[in-house]
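Descriptive structure summary
Listed below, chain by chain, are the residues.
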Amino acid sequence: MLRSVKEMLNYSILATDGEIGTVSDVLVGDSDLKLRYLVIDTGGWLSGRKVLLSTAWLSSVEPGKETVVVNMEKKRIKESPPYESGAAVDREYEARLHDYYGYPYYWV
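Residues numbered from 1 in each chain as written. Predicted model: local features only at pLDDT ≥ 70, side-chain atom pairs only at ≥ 80, totals over all residues. Heavy atoms only, no water.

Turning our eyes to something else, we now look at the sheet that holds strand β1 (residues 12-15). As summarised here, the arrangement of the six strands in space is β4-β3-β2-β1-β6-β5, forming an open sheet in which the pairing is mixed. The sheet terminates laterally at β4 (50-54) and β5 (58-62), the two strands that pair on one side only. Strand-to-strand, the axes of this sheet are offset by a mean angle of 35 degrees, without reference to chain direction. In this structure, β1 lies alongside strand β2 (residues 18-28), joined through four bridges in antiparallel fashion. Of the residues in β2, the one forming a bridge with S12 is T22. (Pairing = 2+ DSSP bridges. Helix = DSSP H or I, 4+ residues; strand = E, 2+ residues; numbered from the N terminus. Axes fitted to C-alpha atoms, helices over the stretch in contact; angles between N-to-C directions.)

So this is what it looks like as structure tokens:
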């Protein structure tokens, strides 16, 4: 089934050790328009810090519960490279992000 991306905005993000925030935006690739990252607003948990999670790293999406599940701990996300809203996400930043989480690059 296909869903609107707008429906995912404000979905809760559930890490292995609890909720970490909500989906505040999505980022798509320039040339292919593939959904690449969810922008996570950590709210009060990290003083409003925003982080990116690749859609490839999601464990599941539960539309009935308005929840996205990731198989990583809060601490791992807390220490991830920071993301500034509206900032360009270049290949250097993506490489740092993928290296930090230990996931392969999607562009190779």
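Having seen the model, we can carry on.
Moving on, we come to helix α3 (residues 91-101). Residues of α3 that are buried: Y93, E94, A95, L97, H98 and Y101. Tucked inside the fold, the buried residues of α3 contact β3 (35-41), β4 and α2 (74-78). Note on α3: the residue one or two positions beyond its end, G102, has a positive phi of about 80 degrees. (Buried < 20%, exposed > 50% of the residue type's maximum accessible area, 1.4 Å probe, protein only. Contact = heavy atoms within 4.5 Å.)

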